[in-house]
Amino acid sequence: MIRLMKDLPESILGVFATEKITGEDYETILIPALEEKLKANAKIRMIYHIDGDFTGFEFSALWDDAKFGMKHLSEFERVALVSDHEMINSIVRFFSYMIKSEIKIFKDRELLEAKEWIIET
């Protein structure tokens, strides 16, 4: 399940992910929110928090993520991943070398630091 964070500046998209992430989560929540941010901003910043109750992604969610990401890759200025899931963190570290945006990984206990980093100029 995906929920949007409410306590961030207008140019920053915050996402809270828990339990199973579905294609419907991407199609009805995440992608529309990203498209809305991109209409108002040439570049966006995003914080993606995957909590301890996370159980995985449906294939359709991964596919939607890959399609959207490839189409808009250059429009992400900065991405903060907040997660204690080492497999996800390792995958993001691996792919971060291929992406031009700044990507930083934080542990769950560092959520406040991640928000500060994503907001700073």
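Structure shown above.
Residues numbered from 1 in each chain as written. Predicted model: local features only at pLDDT ≥ 70, side-chain atom pairs only at ≥ 80, totals over all residues. Heavy atoms only, no water.

Colleague: Kindly report on the overall build of the protein chain, identifying the contributing residues and their values.
Modeller: Secondary structure assignment for the protein chain yields 4 helices and 7 strands. Secondary structure elements of the protein chain, listed N to C terminal, follow the sequence β-β-β-α-β-β-α-β-α-β-α. Computed over its C-alpha atoms, the radius of gyration of the protein chain comes to 13 Å, within 12% of the 14 Å expected for a compact globule of 121 residues. Projecting the C-alpha coordinates of the protein chain onto the three principal axes gives extents of approximately 30 × 30 × 30 Å. Across the 121 residues in the protein chain, those meeting the buried criterion constitute 45%. When the accessible area of the protein chain is evaluated, it comes to approximately 7200 Å², of which 57% is carbon and sulfur surface. (Helix = DSSP H or I, 4+ residues; strand = E, 2+ residues; numbered from the N terminus. Rg over C-alpha atoms; globule rule 2.2 N^0.38 Å. Buried < 20%, exposed > 50% of the residue type's maximum accessible area, 1.4 Å probe, protein only. Areas by Shrake-Rupley, 256 points an atom, 1.4 Å probe, with all protein chains shown as cover.)

Colleague: So what's going on with the pairing of strand β2 (residues 12-17)? Which residues, and what values?
Modeller: Most of β2 sits out of view: 6 of its 6 residues are buried. Here β2 shows a buried face lined by Ile12, Gly14 and Phe16 and a second buried face lined by Leu13, Val15 and Ala17. As paired strands, strand β1 (residues 2-4) and β2 are joined by 3 bridges and run antiparallel to one another. If you follow Leu4 over to β2, its bridge partner there is Val15. (Pairing = 2+ DSSP bridges.)

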